[in-house]
Amino acid sequence: MDISSGLEDVYIKHTGLTSIDGEKGILRYRGYNINDLVEHSTFEEVAYLMLYGELPTSEQLRTFKNSVEKGYLLPDYVKQIISSMPREAEALSVYMTAFAAMSASESNFKWSPQTDKAKAAEIIGHAASVVANANRHSMGLQLRDLAPSDSYARSFLEAALDRKAEQGEVRVMDRALILYLDHEVPASTTAALVACSTLSDMYSSIAAAIAALKGPLHGGAAESAYTQFARIGSPEKVDAWFNENIVEKKQKLMGFGHRVYKTYDPRMKIFKKMATDIVKRDEDRNILLTAEKLEERGVEQFGAKHVYPNTDYYSGIAYRAVGFPVNMFTALFALSRTTGWVAHISEYNESEPRIMRPRALYKGPGPRDLAPVSHH
Ligand code: ACO
């Protein structure tokens, strides 16, 4: 009997949320092409689309935004927990801790489509408040709830960065929120579904998803990719670095490769354009030029294996240009993906959910007699 290493090609649910054509590099949310959504929709509209199945009317959008804004207010004990963490703590760990803490008030939570949707909007609001405050805490600022504004992206940015956000920055944040919003069932979403399949609550399921997102093979790749560009230092050093580290030492090129895409990730192309448009400082431009040179070298080396840059390759450069430190990148990814997690959890609970309980094929020792340890 074969096992599926890395759960490759294992289907765990039907979904009406996201479809990926990995050969052609096409991503759709509920049938809409990601390129169209990024061009013509806002994050709030797309979040509604994912949760409810259709784009909202203006009235539905207003009601949804009001529910999200209620979640901007965090319980005091959550703010205290965030404040008590080390200032240098990774923002993603702060996020995971805050959500694990909020699960404490959810032990009697019962699933139903109505409670799911109400909870989902509140959680999307809480997520922005927690991640913004994780950044404020790392800067030594007092924590504060998000203030409602014309957009989720603006409310988040202005609280997180403690300043007015320019329209260009708000647009980059809004598009990044849409691009990372959902991606079918990668490791993090699968972890959320495993947790919710046991009838665990939404906050605990999200904490499980965050834990799975953290690693450099998944959400942590944006940080690793950016650090890799910074370590190389400049475009002229790319060839020598690549030959030594990737060709000779066989290290992985971070921000390259994907389980599903066997060509360019469509999100990467959008992030590349956004990064190119927003980068202003010389230091950021140097990183961008280094990344572009490395992209060329990487595709030349790995294109034949169908390994191409993924969404995390350029996203960090865009986030950095907006003003975020490197250790916020994974938390920013998690903030976007929280909507995808809750949409998948809701969808799973609206089907006929069963507990996820796979098997392991035993290949240890055969039956043997026990000699108690004390007789050795
Ligand atoms: N650098 C160099 N070679 C690579 C890379 C890479 N980044 N990615 C895949 N390959 C090679 C593998 O060595 C393997 O070669 P082989 O067939 O000669 O042994 C082949 O391509 C297939 O790769 P697998 O590791 O089997 O692919 P898998 O689907 O298991 O892993 C993963 C996908 C984890 C994303 C992998 O490509 C990787 O580690 N990439 C770097 C980390 C990264 O950027 N992660 C972000 C993913 S996107 C996201 O989570 C948002």
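Residues numbered from 1 in each chain as written. Predicted model: local features only at pLDDT ≥ 70, side-chain atom pairs only at ≥ 80, totals over all residues. Heavy atoms only, no water.

Draft legend 1. Fine view of the overall build of the protein chain. In terms of helices and strands, the protein chain carries 16 helices and three strands. In terms of overall size, the protein chain behaves like a compact globule, its C-alpha atoms giving a radius of gyration of 22 Å where 376 residues would be expected to give roughly 21 Å. In terms of its C-alpha atoms, the protein chain occupies a principal-axis envelope of roughly 70 × 55 × 45 Å. With 376 residues in all, the protein chain has 52% of them scored as buried. (Helix = DSSP H or I, 4+ residues; strand = E, 2+ residues; numbered from the N terminus. Rg over C-alpha atoms; globule rule 2.2 N^0.38 Å. Buried < 20%, exposed > 50% of the residue type's maximum accessible area, 1.4 Å probe, protein only.)

Draft legend 2. Representation of the nonpolar core within the structure. Tyr152, Phe156, Ile317 and Phe324 are the most contacted members of the largest nonpolar core, which totals 115 residues. Looking at which element gives the most residues to this core, the answer is helix H16 (residues 329-350), with eleven residues. Shared between two domains, this core holds at least three residues of each, these being domain 1 (14-214 + 325-350) and domain 2 (221-322). Apart from residues lying up to four places away in sequence, Tyr152 is in contact with Phe43, Glu44, Val68, Tyr72, Ile124, Gly125, Ala127, Ala128, Leu177 and Leu335. (Core = buried A, V, L, I, M, F, W, Y, C linked by side-chain atoms within 4.5 Å. Domains from an automatic or database assignment. Contact = heavy atoms within 4.5 Å.)

Draft legend 3. Looking closely at helix H4 (residues 76-84). Turning to H4, its buried residues are Val78, Lys79 and Ile82. Take H4 and look down its axis: the buried residues cluster within an arc of 100°, on one side only. Of the residues in H4, the exposed ones pointing more than 90 degrees away from the buried face are Asp76, Gln80 and Ser84. (Arc of directions from axis to C-beta.)

Draft legend 4. View of the packing of helix H12 (residues 238-248) against helix H14 (residues 282-302). Closest axis-to-axis distance for the H12/H14 pair is 10 Å, and the angle between their directions is 45°. In terms of their interaxial angle, H12 and H14 are classed as oblique. Two packed elements cross with a definite hand, and for H12 against H14 that hand is right-handed. The segment H12 lies against H14, with Val238, Asp239, Trp241, Phe242, Asn243, Ile246 and Val247 engaging Thr290, Lys293, Leu294, Arg297, Gly298, Gln301 and Phe302. (Axes fitted to C-alpha atoms, helices over the stretch in contact; angles between N-to-C directions. Parallel < 35°, antiparallel > 145°, perpendicular 65-115°, else oblique. Left-handed = near helix turned anticlockwise from the far one by under 90°.)

Draft legend 5. Region of the structure containing the site of the ligand. As a structural note, the neighbourhood of the ligand is formed by 19 residues, with His218, Lys252, Leu253, Arg259 and Lys305 the closest of them. Protein chains shield 69% of the accessible area of the ligand, which is 930 Å² for the free molecule. When atom positions are compared with the pocket grids, the ligand is found to occupy the largest pocket. Residues of the shell around the ligand, tallied by class, amount to nine nonpolar, six polar and four charged. (Near = heavy atom within 4 Å. Areas by Shrake-Rupley, 256 points an atom, 1.4 Å probe, with all protein chains shown as cover. 1 Å grid on protein atoms, 1.4 Å probe; cavity = no way out; pocket = protein on both sides within 12 Å on 5 of 7 lines; lining within 4 Å. Sits in = over half its atoms within 2 Å of the grid points. Nonpolar A, V, L, I, M, F, W, Y, C, P; charged D, E, K, R; others polar.)

Draft legend 6. Region of interest: the sheet that holds strand S1 (residues 18-21). Strands sit in the order S1-S2-S3 across an open sheet of three strands; the sheet is antiparallel. Only two strands of the sheet have a single partner each, and these edge strands are S1 and strand S3 (32-33). Bridge count between S1 and strand S2 (residues 26-29): four bridges; the pairing is antiparallel. Opposite Ile20, over in S2, you have Leu27 as the bridge partner. (Pairing = 2+ DSSP bridges.)

Draft legend 7. Expanded view of the layout of surface pockets. By volume, the largest pocket is sized at about 1600 Å³. The wall of the largest pocket is formed by 46 residues, among which Leu217, Gly257, His258, Arg259 and Val260 lie closest to the centre. When residues in the lining of the largest pocket are grouped by element, the largest group, three residues, is from S1. Classifying every residue of the lining of the largest pocket gives 20 nonpolar, 14 polar and twelve charged. Two domains share the lining of the largest pocket, each providing at least three of its residues, namely domain 1 (14-214 + 325-350) and domain 2 (221-322). For the second largest pocket, the calculated volume is near 500 Å³. Along the walls of the second largest pocket sit 17 residues, with Leu7, Val10, Arg357, Pro358 and Arg359 positioned nearest its centre. Per-class residue counts for the lining of the second largest pocket are twelve nonpolar, two polar and three charged. (Points joined across faces, edges and corners; volume = space filled by probe spheres on them.)

Draft legend 8. Local environment of a nonpolar patch on the surface. A cluster of nonpolar side chains, namely Met1, Ile3 and Leu361, defines an oily patch on the protein surface of about 410 Å² accessible area. Tracing the chain through its elements places Leu361 in the segment after H16. (Patch = residues over 30% accessible without salt bridge, like charges linked within 9 Å, V, L, I, M, F, W, Y side chains within 5 Å. Salt bridge = Lys/Arg side-chain N within 4 Å of Asp/Glu carboxyl O.)

Draft legend 9. Molecular detail of the packing of aromatic side chains. Tallying each qualifying case throughout the model produces 18 aromatic pairs. Arranged with centres 5.4 Å apart and planes meeting at 50°, the rings of Phe99 and Tyr203 form a pair that is tilted. A residue pair is termed long-range when its members are at least 10 positions apart, and Phe99 in helix H5 (residues 91-102) and Tyr203 in helix H10 (residues 202-213) qualify at 104 residues. Across this residue pair, the class does not change: Phe99 and Tyr203 are buried. Site record: aromatic cluster; members linked through ring pairs are Tyr180, Tyr226, Phe271, Tyr319, Phe329 and Phe333. Above the plane of the ring of Tyr52 lies Lys117, whose end atom (NZ or CZ) is 5.4 Å from the centre. (Phe/Tyr/Trp six-rings, centres within 6.5 Å; stacked < 30°, edge-to-face > 60°. Lys NZ or Arg CZ within 6 Å of the ring centre and 35° of its normal.)

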